[in-house]
Amino acid sequence: MNVDLLIVGAAQLVTCASGGRPKRGAQMRDLGIITDGAVAVKDGRILDVGTTADMRARYQSEHTIDASGRVVCPGLVDCHTHAVYAGDRLDDFESRIQGKTYMEILAAGGGIMSTARATRAATADELYALAAHRLDVMLHNGTTTAEIKTGYGLDSATELKMFDVIARLDREHAMTIRPTFLGAHSVPPEFASAHAYADHVLHEMMPAIFAAHAESHFAAQGVPLAVDVFCEEGVFDTVLSGQILSAARECWGQPVKAHVDEFVNLGGVRVALELGALSVDHLDVTPDAELELLAGSETVGVFLPAVNFNLGSTHFGHARALIDAGGILALATDLNPGSAPTPSLPLVMAIACRYQKLLPAEALNAITINAAAALKLEGVVGSIEPGKQADFAILATDDYRALAYEFGAPLVETVIIKGEVQWNASY
Ligand code: NIG
Ligand code: FE
């Protein structure tokens, strides 16, 4: 049979195969590797997977990629980013080097608020150009699917502008994008209290943003607009966070997630679990008892260790405790100008392996199939299995462990989305 694309001869075809389910606990050590593997692609989807001999016997193609001496893995999935913003936070970076903390800078009107000022001032076209370039760089690091949050508007007009930019990125950029509304990211100075701003988010912003979502191609394609909140001391407490997330679920019928326990343990995990959250993210100071509760749920625990690294912290969340208790763990970059200015999931793997004691196999499942599950895309991307989107990263190594081991090395050689080559390092 003739197919659109054959990739053959992979030293390791890392399938991350899971039968369309996220991997829990000990399953995360299994990458479903096929030695001398091959994959057949038709109409942008994976048709068949097996050894090179088997695939060559069944299929031929005018477009064949020889992956000998290479690893072929699923395109990487970044399930937590803030990739749409203007400006930079280079001054914050220097202030932190000189001793100020992230939360001190935020409380003094810098941090997220300074990015909000720059994002409010930028046009939609400017924001689009900046974000499209960031997605290109992420793609060159192997990412083929990304979640993107609003949250640097903190007023209705700018939150809507960010949503429109995110929708345009999904339509025009090769990467698959999933949108999240993060109106409750910080309390802007126009409001006297978190309570007053949360009311505004609930009664002004959410109706406007869900009206825009309903008219967008996302809604037409059945793609929800998830709702997120920064549940943290000095930002939104568990009561306000719970109000926003339950409105998202009950009034608007959308999935929810939350930034929890980045600096102070407020109990956000329990609030999110009661609402059946897709994911809870950060988890830096979550006690093991709450991680065990999380492990017993369908909610994905997303660790973002590039944040700890970027903030110069030697403290990392207890990722091992979540895996060892049988939970579903994912990793993401948290790409944003303040706490994690990195486009690289391989770098995140490298940090998680060293400081959170994940094995490279666990870390690779955490940025593929489990990250897909955090976006409810485990049936669509994140593994190399028949029927899934034909998204791959081809690595310039014959052992997948090098992706975590050779930190900083540009091992991603070729990136394929829906069967089309989008990046080749030798171009
Ligand atoms: O996930 N913690 C809250 N939000 C982002 C940081 C955003 C920023 O600093 O601009 C985070 O770390
Ligand atoms: Fe974040």
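Refer to the structure printed above.
So, here's what we can say about the structure.

The rules we used
- Residues numbered from 1 in each chain as written.
- Chains lettered and ligands numbered in written order.
- Predicted model: local features only at pLDDT ≥ 70, side-chain atom pairs only at ≥ 80, totals over all residues.
- Heavy atoms only, no water.
- Disulfide = S-S within 2.5 Å.
- Near = heavy atom within 4 Å.
- Polar contact = N/O pair within 3.5 Å; in protein donor to acceptor, adjacent residues only side chain to side chain.
- Areas by Shrake-Rupley, 256 points an atom, 1.4 Å probe, with all protein chains shown as cover.
- Nonpolar A, V, L, I, M, F, W, Y, C, P; charged D, E, K, R; others polar.
- Donors = N, O, S within 2.8 Å, 3.2 Å for Na, K, Ca; no water.
- Helix = DSSP H or I, 4+ residues; strand = E, 2+ residues; numbered from the N terminus.
- Buried < 20%, exposed > 50% of the residue type's maximum accessible area, 1.4 Å probe, protein only.
- Contact = heavy atoms within 4.5 Å.
- Pairing = 2+ DSSP bridges.
- Phe/Tyr/Trp six-rings, centres within 6.5 Å; stacked < 30°, edge-to-face > 60°.
- Lys NZ or Arg CZ within 6 Å of the ring centre and 35° of its normal.

**Quick notes on the state of the cysteines**
Phase 1 of the analysis: In the structure shown here, the tally under the stated rule is zero disulfides.
Phase 2 of the analysis: Summary of cysteine pairing: C79 is not part of a disulfide, and the nearest cysteine sulfur, belonging to C16, is at 14 Å.

**Notes on the site of ligand 1**
Phase 1 of the analysis: Surveying the vicinity of ligand 1 reveals 15 residues, the closest of which are Y102, Y152, E262, D334 and S339.
Phase 2 of the analysis: Within the side chain of H82, an N or O atom sits 3.4 Å from an oxygen atom of ligand 1.
Phase 3 of the analysis: A distance of 2.8 Å is found between an oxygen atom of ligand 1 and a side-chain nitrogen or oxygen belonging to R89.
Phase 4 of the analysis: Expressed as a share of its isolated accessible area of 320 Å², the protein-covered part of ligand 1 is 100%.
Phase 5 of the analysis: Its residues placed into classes, the shell around ligand 1 shows four nonpolar, eight polar and three charged.

**Focus on the coordination of the iron ion (ligand 2)**
Phase 1 of the analysis: Protein-derived ligands of the iron ion (ligand 2) are H80 (NE2), H82 (NE2), H259 (NE2) and D334 (OD), with the metal-ligand distances lying across 2.1 to 2.3 Å.
Phase 2 of the analysis: All donor residues of the iron ion (ligand 2) come from one chain, and their arrangement in sequence is H-x1-H-x176-H-x74-D. One end of the pair, H259, is in strand β10 (residues 257–260); the other, D334, is in the loop between β13 (329–331) and α14 (345–355), with 75 residues separating them in the sequence. In this pair, the class of H259 matches that of D334, namely buried.

**Side note on the side chain of N310**
Phase 1 of the analysis: Checked against the element boundaries, N310 lands in helix α12 (residues 305–310).
Phase 2 of the analysis: When near neighbours in sequence (up to four residues on either side) are disregarded, N310 contacts R96, G338, S339, A340 and P341.

**Topic: the pairing of strand β5 (residues 71–74)**
Phase 1 of the analysis: The pairing of strand β1 (residues 5–14) with β5 spans two bridges and is classified as parallel. By the bridge assignment for β5, Q12 is matched with V71.
Phase 2 of the analysis: The sheet contact formed by β5 and strand β14 (residues 392–395) spans four bridges and is antiparallel. Looking at β14, one finds that V72 is bridged to I394.

**A closer look at the packing of aromatic side chains**
Phase 1 of the analysis: Taken as a whole, this structure holds seven aromatic pairs when the rule is applied.
Phase 2 of the analysis: Pairing Y197 with F236 gives two aromatic rings, centres 6.2 Å apart and planes at 35°, and the pair type is tilted. Residue Y197 is located in helix α7 (residues 194–215), and its partner F236 is located in the loop between β9 (226–231) and α9 (238–250); the two are separated by 39 residues in the primary sequence. There is no split in this pair, since Y197 and F236 are both buried.
Phase 3 of the analysis: Judged by centre distance (5.1 Å) and plane angle (20°), the rings of F210 and W252 are stacked. Here the residue F210 occupies a position in helix α7, and W252 occupies one in the loop between α9 and β10, the gap between them amounting to 42 residues.
Phase 4 of the analysis: In this structure F210 comes out as buried when scored by relative accessible area, which is 5%.
Phase 5 of the analysis: Of the aromatic side chains, those joined through ring pairs into one cluster are F191, Y197 and F236.
Phase 6 of the analysis: Across the ring face of Y128, the terminal group of R168 is positioned such that the distance to the ring centre comes to 3.7 Å.

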